Amino acid sequence: MTRLGMVIDLNKCTGCYACSVACKASNSTPPGVMWARVLKRETGESAPGERVTLPVLCMHCANPPCVKVCPSGATYKRKEDGVVVVDKQKCVGCRYCMMACPYGARYYQGRREYYYGEATPVEAGAHRNNLPGVVSKCDLCTERVKDGQEPACVEACPTRARIYGDWEAPDSKLKEA
């Protein structure tokens, strides 16, 4: 069995946002939608505080709560590789999956055609109240992986903080991280 996943070495992540930019460009996400986010915080009670960087994306959970609450079956875990995906054709926009996700890794947006060029923003905006929205999320760049590439965020990381692979492979790079 294959179970695809990613490890992020927090000691190597510099918070440069290269992963976020690469993900956005590769997946053409609409404004305000960042499947690969980088959170930054300062810790400590006095100056200078320590800066903490935390990359956040869908964790493709082993037992995903988002799948359990989806009434339409739009959110499901693929049997062949364990990747959690959203079928935009089945999504009814109820946002139950967003509430169930402990990582805040899902985004509500208007119909897919609004953002992907099948309707102009003016046309889509005029009918926006009549269009059901959909939820989107990271899918570990399944199309890129199918073509033999790594996910965009992994490929773009200048410090190689992101490691992608198969958890079940005996020689998996993920187990070494």
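Quick summary incoming for the structure in this document. (Residues numbered from 1 in each chain as written. Predicted model: local features only at pLDDT ≥ 70, side-chain atom pairs only at ≥ 80, totals over all residues. Heavy atoms only, no water.)

### Looking at the overall build of the chain
Phase 1 of the analysis: When helices and strands are counted, the chain shows 8 helices and 8 strands.
Phase 2 of the analysis: Every one of the 177 residues in the chain was classed for burial, and the buried ones make up 40%.
Phase 3 of the analysis: Long-range pairs, those at least 24 residues apart, make up 54% of the contacts in the chain between residues at least 6 apart in sequence.
Phase 4 of the analysis: For the chain, the accessible surface area stands at approximately 10300 Å², while carbon and sulfur atoms represent 52% of it. (Helix = DSSP H or I, 4+ residues; strand = E, 2+ residues; numbered from the N terminus. Buried < 20%, exposed > 50% of the residue type's maximum accessible area, 1.4 Å probe, protein only. Contact = heavy atoms within 4.5 Å. Areas by Shrake-Rupley, 256 points an atom, 1.4 Å probe, with all protein chains shown as cover.)

### Observations concerning the packing of aromatic side chains
Phase 1 of the analysis: For the structure on display, the rule yields 0 aromatic pairs.
Phase 2 of the analysis: Between the NZ or CZ atom of Arg95 and the centre of the ring of Tyr108, over which it lies, the distance is 3.4 Å. (Phe/Tyr/Trp six-rings, centres within 6.5 Å; stacked < 30°, edge-to-face > 60°. Lys NZ or Arg CZ within 6 Å of the ring centre and 35° of its normal.)

### Remarks on the side chain of Ser136
Phase 1 of the analysis: With respect to the helices, strands and loops of the structure, Ser136 is situated in strand S7 (residues 134-137).
Phase 2 of the analysis: Looking at Ser136, the relative accessible area reads 1%, which means it is buried.
Phase 3 of the analysis: A distance of 2.7 Å separates the side chain of Ser136 from the side chain of Gln109, its partner in a polar contact.
Phase 4 of the analysis: If near-sequence neighbours (up to four positions away) are discounted, Ser136 is found in contact with Val33, Trp35, Lys88, Ala105, Arg106, Tyr107 and Gln109. (Polar contact = N/O pair within 3.5 Å; in protein donor to acceptor, adjacent residues only side chain to side chain.)

### Here we look at the pairing of S7
Phase 1 of the analysis: In S7, alternate side chains face the same way, and those of Val134 and Ser136 on one face and Val135 and Lys137 on the other are all buried.
Phase 2 of the analysis: Where strand S6 (residues 106-109) lies against S7, 4 bridges are found, and the strand directions are antiparallel. When the bridges of S7 are listed, Tyr108 appears paired with Val135. (Pairing = 2+ DSSP bridges.)

### Brief notes about unusual backbone geometry
Phase 1 of the analysis: A positive phi angle, near 45°, is found at His60, a position not held by glycine.
Phase 2 of the analysis: Of note, His60 is situated in the loop between strand S3 (50-56) and helix H2 (65-69).
Phase 3 of the analysis: Overall, the relative accessible area of 9% leaves His60 in the buried class.
Phase 4 of the analysis: Even without being glycine, Cys141 reaches a positive phi, approximately 50°.
Phase 5 of the analysis: Turning to its location among the elements, Cys141 is positioned in the loop between S7 and helix H6 (142-146).

### Brief notes about helix H1 (residues 18-27)
Phase 1 of the analysis: Inspection of H1 places Cys19, Ser20, Ala22, Cys23 and Asn27 among the buried residues, and these make up the whole buried set. Here the buried residues of H1 occupy an arc of 170° about the axis, which is enough to place them on one side. Facing away from the buried surface of H1 by more than 90 degrees, the exposed residues are Val21 and Ala25.
Phase 2 of the analysis: Contacts from the buried residues of H1 go to strand S2 (37-43), helix H7 (152-156) and strand S8 (162-166).
Phase 3 of the analysis: Positive phi appears at Ser28, one or two residues downstream of H1, with a value of about 50°. (Arc of directions from axis to C-beta.)

### Some words on the state of the cysteines
Phase 1 of the analysis: Scanning the entire structure with this criterion turns up 0 disulfides.
Phase 2 of the analysis: Left without a disulfide partner, Cys16 is nearest to the cysteine sulfur of Cys157, which lies 6.2 Å away.
Phase 3 of the analysis: With no disulfide of its own, Cys91 lies closest to Cys97 among cysteine sulfurs, the gap being 6.2 Å. (Disulfide = S-S within 2.5 Å.)

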